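Structural overview
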Amino acid sequence: YAIEPSGLASLAQRVTKENGLDSIITVLHSQPETAEVPVKVDAIICAWMGYNLLCESSLPSLLTARDRFLKQDGVMYPCAADLYLAPFTDNHFQEKWDTWKQMKQIYGVSMESMVAAAEGSLTVQTERLQLEVESVLANACQVCHFDMKSITLQDAEMIKADFNFRCYSHNIMHGFATWFTVSFPGSVVLDTSPYALKTHWGQTGMYLKTPITVKQGSEIRGVFKMYPSGEDRKCWNIEIEFQLNRDKKYTQHWQCS
């Protein structure tokens, strides 16, 4: 049974018929919340993950389908998900502003006043990144783990975790980045970290309002929070409170949408 809420359901029906599989595969043009499946199923396969794992994800629909259709001993694909957090440096940080500063030289129109607006936008909204390995400043911390057989929607309403990093070397810390892994039965893992092959999810960056200088052994400890922005689960708020070497406290918010 293939459940597809969009108009692609009719195309899926054509493809199954074209391949002589329409007597085996039933395509249901429906939401999982309202679909009618006449039997309990052995497995559910769903690419539910969004950016930053949960932003624009289809997790609510997946959990509804699981509770409605999956056998007690059924299997979820993927069967687990983990979200990670790490501090990072951006070696191309200055280039983000140089474009505006070069407008007069290239086009004869000065647009340096755009720099402040661009900086402000970068520090309140998350940014999709493709980080290089050397941009990661410390070992990542796991901030959540989902067992897809047992997780409830309430479990994903508030992600909250303490973190503690020890920096590898002297560098400029421009912010924090998240990435996720999802695991499948048989020890197969899809990894969206900078250490793996690039994916369209990439990593999610949260830029600090003021970059911070860190040294080898610098300690960054704090609390990571992530929760839906109102009723719209496509948009999430992220809040990070942290200290560098147990000194001054920093708190910053971002919106992931």
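Now for a quick tour of the structure. All values reported here derive from a predicted model rather than from experimental measurement.

Estimates place the volume of the largest pocket at around 550 Å³. Along the walls of the largest pocket sit 19 residues, with I3, P32, I44, I45 and C46 positioned nearest its centre. Elements that contribute at least two residues to the lining of the largest pocket include exactly β1 (2-3), β3 (41-45) and α2 (59-69). The residue makeup of the lining of the largest pocket, split by class, is 15 nonpolar, three polar and one charged.

Moving on, we come to the packing of aromatic side chains. Evaluation of the coordinates by the stated rule reveals nine aromatic pairs. Ring plane angle 85° and centroid distance 6.2 Å describe the contact between W179 and Y195, whose orientation is recorded as edge-to-face. Here Y195 lies in the loop between β10 (188-191) and β11 (203-214) and W179 lies in strand β9 (residues 171-184), a separation of 16 residues in the sequence.

Glancing now at the state of the cysteines. For the coordinates displayed, the defined rule picks out zero disulfides. Of all cysteine sulfurs, the one in C79 lies closest to C46, which takes part in no disulfide; the gap is 14 Å. Looking at C256, it has no disulfide partner, and the nearest cysteine sulfur is the one in C55, 3.5 Å off. In this structure C256 comes out as buried when scored by relative accessible area, which is 2%.

Summarising the element assignment, L83 is placed in strand β5 (residues 80-88). Its relative accessible area of 1% is what places L83 among the buried residues. Other than its neighbours up to four places away in sequence, L83 contacts N52, L53, C141, Q142, V143, C144, T178, W179, F180, F224 and M226.

Let us look at the pattern of salt bridges. For the structure shown, the criterion picks out seven salt bridges. Between E219 and R166 there is a salt bridge, with its nearest N and O atoms 3.9 Å apart. Pair noted here: E219 is in strand β12 (residues 219-229) and R166 is in strand β8 (residues 159-166), with a separation of 53 residues, a long-range link. Residue E219 is classed as buried on the basis of its relative accessible area, which comes to 6%. Residue R246 is joined to E219 by a salt bridge in which the shortest nitrogen-to-oxygen separation is 3.3 Å. Of the two residues, R246 is situated in the loop between β13 (232-244) and β14 (249-256) and E219 in strand β12; the sequence distance between them amounts to 27 residues.

What counts, and where the lines are drawn
- Residues numbered from 1 in each chain as written.
- Predicted model: local features only at pLDDT ≥ 70, side-chain atom pairs only at ≥ 80, totals over all residues.
- Heavy atoms only, no water.
- 1 Å grid on protein atoms, 1.4 Å probe; cavity = no way out; pocket = protein on both sides within 12 Å on 5 of 7 lines; lining within 4 Å.
- Points joined across faces, edges and corners; volume = space filled by probe spheres on them.
- Helix = DSSP H or I, 4+ residues; strand = E, 2+ residues; numbered from the N terminus.
- Nonpolar A, V, L, I, M, F, W, Y, C, P; charged D, E, K, R; others polar.
- Phe/Tyr/Trp six-rings, centres within 6.5 Å; stacked < 30°, edge-to-face > 60°.
- Disulfide = S-S within 2.5 Å.
- Buried < 20%, exposed > 50% of the residue type's maximum accessible area, 1.4 Å probe, protein only.
- Contact = heavy atoms within 4.5 Å.
- Salt bridge = Lys/Arg side-chain N within 4 Å of Asp/Glu carboxyl O.

As far as function goes, none of this settles anything; it's purely spatial.
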